[in-house]
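# Structure assessment
The lines below spell out each chain.
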Amino acid sequence: MDNRLAPGLALIFDMDGVMVDSNGVHRETWTLFNRRFGLETTEAMLQFMYGRRNDEIVRGFFGEDLPAEEVAARGASKERLFRASMAGRVEEFLTPGLRGFLERHREACMAVASNAEPENVRFILEEAGLAPYFRAVVDGHQVRRPKPFPDIYLRAAELLDTPPADCIVFEDSHSGVQAARAAGMRVAGIGSTHADLPGAALTVDSFLSPELEVWLEAQSRAV
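Residues numbered from 1 in each chain as written. Predicted model: local features only at pLDDT ≥ 70, side-chain atom pairs only at ≥ 80, totals over all residues. Heavy atoms only, no water.

We now examine the sheet that holds strand E2 (residues 109-113). Strands belonging to one sheet form pairs held by backbone hydrogen bonds; the direction of such a pair is parallel or antiparallel. Here we have 6 strands laid out as an open sheet, ordered E3-E2-E1-E4-E5-E6, and parallel in their pairing. Both outer strands of the open sheet, strand E3 (136-138) and strand E6 (202-204), are each paired with one neighbouring strand and no more. For this sheet, the mean angle separating the axes of adjacent strands, direction not counted, is 20°. By the bridge criterion, 4 bridges tie strand E4 (residues 167-171) to strand E5 (residues 186-190) in an arrangement that is parallel. Residue phenylalanine 170 lies in a different strand from E5, and its bridge partner there is alanine 188. The strands touched by helix H10 (residues 210-218) within the sheet are strand E1 (10-13), E4, E5 and E6, with E6 carrying the most contacts at an inclination of about 150°. (Pairing = 2+ DSSP bridges. Helix = DSSP H or I, 4+ residues; strand = E, 2+ residues; numbered from the N terminus. Axes fitted to C-alpha atoms, helices over the stretch in contact; angles between N-to-C directions. Contact = heavy atoms within 4.5 Å.)

What follows deals with unusual backbone geometry. Of the consecutive residues lysine 147 and proline 148, the connecting peptide bond is found in the cis state with omega at 20°. Mapped onto the fold, proline 148 is located in the loop between E3 and helix H8 (151-160). Unlike most non-glycine residues, aspartate 161 shows phi in positive territory, near 55°. By the secondary structure assignment, aspartate 161 is in the loop between H8 and E4.

Moving on to the nonpolar core. Counting residues in hydrophobic clusters, the biggest one holds 40 residues, and the most contacted among them are Phe13, Met19, Leu130, Phe134 and Phe170. Looking at which element gives the most residues to this core, the answer is helix H7 (residues 118-128), with 5 residues. Leaving out residues up to four positions away in the same chain, phenylalanine 134 has contacts with Phe13, Met19, Leu102, Met110, Ala111, Val112 and Leu125. Of all hydrophobic cores here, the second largest spans 23 residues; its members include Cys109, Ile152, Ala180 and Val187. (Core = buried A, V, L, I, M, F, W, Y, C linked by side-chain atoms within 4.5 Å. Buried < 20%, exposed > 50% of the residue type's maximum accessible area, 1.4 Å probe, protein only.)

Okay, here's the thing in structure tokens:
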């Protein structure tokens, strides 16, 4: 299939839950990590995790009064556990159809914009060999405000030199959809985390879903 994306449009991808189906591993590693502190992880806590930056998650789990240094240390320790769990296995967690989708659209302007820790973003892109597809990579620590604020998506659009209205975002979380919409962008939902993503123009199971390419082909520049 040829790249049928209209010239001038850009594609921006969240990472966890969109490019890589890693939510289950994050759930497992947060549960194991929290037990080190005698904290049992509830389903409500795991739902709170989705789409948030690590400093928010750590404070949500352990309290707002935790010193900033300890917040950073606990977040980094948990993510080392995550990367150890994923090492050598990233390929099997890639969202079905992702690699073929990126190859079909390799001439388009593409970026990653994720609340994830920078070490995790580098790890996933390098382990999977996906870095060459992206002209820009923005992680949650390159902007002051994480999703659901629009900052991370606006920064990605700036780096791609593309107006926000001409950017199409792939998201799996409610906060991510909210961030992309607040940035003035169109959203295609990946239903790995939530079956219902209000604000998304459509939601598909994976990048293998034929309706995704049909929808993309129908998109045109805003101006």
